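# Reading the structure
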Amino acid sequence: MNTANTSSGLLNTVTGPIGIDELGVTLMHEHVMIGYPGWEADSLRPGPRREEMLAVATDRIQQMQSRGVQSMLDPCPNDLGRDVEFSAELSAATGFNIICATGLYKEEEGGKPYWHFRGQFGPVVDAMAELFIHELTVGIGATDIKAGIIKVASGKGVVTDYERDILQAAALASNATGAPITTHTDSGTMGDEQQRLLVAAGVPAHKIIIGHSCGTADHDYHVNLLEKGSYLGFDRFGIDVVYPDAERVRSLAALLNKQWQQQIVVSHDSVWCWRGEPIPAAVSAGMGETIFNPTHFHDHIIPQLLAAGVSQSQIDTMLVDNPRRFFAGTAPVAP
Ligand SMILES: [Zn+2]
């Protein structure tokens, strides 16, 4: 099978496969665009035009490139306004690597109604897995653009039956293709349950990033996930409105002081374009200046980490070595 990532050393990007060693400095969770399911029904507010989105996204990428960033993972699931042809055009125009995902979002804000409808006529896990595998190995929709990773999600405090189906399907697809998995968690909860379910279904722990783990400062929760072998996503820097950066920095520094740098990836979960009605300017102004800024880690967080005793080499490990090792499917070396 033409797998999404293998020992061949190749990785699918939106413009085709690249050598994993070509990734360079990589942010592991940024979004070109998001549209919550139902956005397409708001015909009064279709959101920015394609050319407008291209201008915004090109500017963001050039800002990242000026800080030395060469690649990013856009883990937009299928049901959150994903447009891989747009990403391919953007990537080709900027010379910036973008890895896209296959997968489905959490029950509360994802495309559940469709799968609920299908579920009346038979189990959906196999159908979801078939979709994920096709997108990883053949192409997304009518394109030959292949996903490089599988995205799954759960909400705060519970993994619902629907989310459990998605996790099972993701495990089937990962086992069939070798593709790794990245997750969404809320408020630093249920990462342990995601890890338990995926590992029980045969996915090696080091092929899983437990995303948004910086949504809690619970050191024991973090270390438990790390000891079992998965990666933590400290991937919401700048979203102070959800959880303060000061806590993210403090808990990341605590983990790095214990030499866990091989199992942490960093990012912002920035969203550059909103399909449908965007966040009103007055509201977004109240969210602070750092939100959705994909250079915030380089400009503001790295200095804070250095001041907290973290070494530049640990920062380089998180930005360069870990994305490469994760996509290569090689287990990290625990401290
Ligand atoms: Zn995200």
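Just so it is clear, the model here is predicted, and its values are computed rather than measured.

## Remarks on the sheet that holds strand S10 (residues 231-234)
What the eight strands build is an open sheet, ordered S3-S5-S6-S7-S8-S9-S10-S11; its pairing is parallel. On the outer flanks of this sheet lie strand S3 (26-27) and strand S11 (264-266), each paired with one strand and no other. As paired elements, strand S7 (residues 149-153) and strand S8 (residues 181-184) share four bridges and run parallel to each other. Among the inter-strand pairings, Ala153 is bridged to a residue of S8, identified as His184. The strands touched by helix H7 (residues 219-227) are strand S9 (208-210) and S10; relative to S10, the strand with the most contacts, the crossing angle is about 140 degrees.

## Some points on the packing of helix H6 (residues 191-200) against H7
Remark: H6 packs on H7, axes separated minimally by 10 Å, with the N-to-C direction vectors making an angle of 15 degrees. By the criterion of interaxial angle, the relationship of H6 to H7 is roughly parallel. By crossing handedness, the relation of H6 to H7 is classed as left-handed. Where H6 abuts H7, its residues Gly191, Asp192 and Gln195 lie against Tyr221, Asn224 and Leu225. Residue composition of the contact of H6 with H7, grouped by class: two nonpolar, three polar and one charged.

## Notes on the UniProt feature "modified residue: N6-carboxylysine" (unreviewed entry) in the protein
As annotated by UniProt and renumbered to match this structure, "modified residue: N6-carboxylysine" (unreviewed entry) occupies Lys151. Leaving out residues up to four positions away in the same chain, Lys151 has contacts with His29, Pro75, Pro77, Ala101, Thr102, Gly103, Leu104, Thr182, Thr183 and His184.

## Topic: the coordination of the zinc ion
Coordination of the zinc ion by the protein involves His29 (NE2), His31 (NE2) and Asp269 (OD), with metal-donor separations of 2.1 to 2.3 Å. For the zinc ion, the single-chain donor residues occur in sequence as H-x1-H-x237-D. In this pair, His29 sits in the loop between S3 and strand S4 (31-34) while Asp269 sits in the loop between S11 and strand S12 (271-274), placing the two residues 240 residues apart along the sequence. Each member of the pair, His29 together with Asp269, is buried.

## Remarks on the pattern of salt bridges
Pairing between side chains of opposite charge can happen when their charged atoms approach one another. Per the stated rule, a full pass over the model turns up 17 salt bridges. Between Glu51 and Arg49 there is a salt bridge, and its shortest N-O distance comes to 2.5 Å. Using a relative accessible area of 48% as the deciding quantity, one classes Arg49 as partly exposed. Across the salt bridge formed by Arg60 and Asp59, the nearest N and O atoms sit 3.7 Å from each other. Among the residues examined, Asp59 registers a relative accessible area of 35% and is labelled partly exposed. Salt bridges sharing partners connect three or more residues here, namely Asp42, Arg45 and Glu277.

Parameters at a glance
- Residues numbered from 1 in each chain as written.
- Predicted model: local features only at pLDDT ≥ 70, side-chain atom pairs only at ≥ 80, totals over all residues.
- Heavy atoms only, no water.
- Pairing = 2+ DSSP bridges.
- Helix = DSSP H or I, 4+ residues; strand = E, 2+ residues; numbered from the N terminus.
- Contact = heavy atoms within 4.5 Å.
- Axes fitted to C-alpha atoms, helices over the stretch in contact; angles between N-to-C directions.
- Parallel < 35°, antiparallel > 145°, perpendicular 65-115°, else oblique.
- Left-handed = near helix turned anticlockwise from the far one by under 90°.
- Nonpolar A, V, L, I, M, F, W, Y, C, P; charged D, E, K, R; others polar.
- UniProt positions renumbered as here; feature names shortened; annotations may be inferred.
- Donors = N, O, S within 2.8 Å, 3.2 Å for Na, K, Ca; no water.
- Buried < 20%, exposed > 50% of the residue type's maximum accessible area, 1.4 Å probe, protein only.
- Salt bridge = Lys/Arg side-chain N within 4 Å of Asp/Glu carboxyl O.

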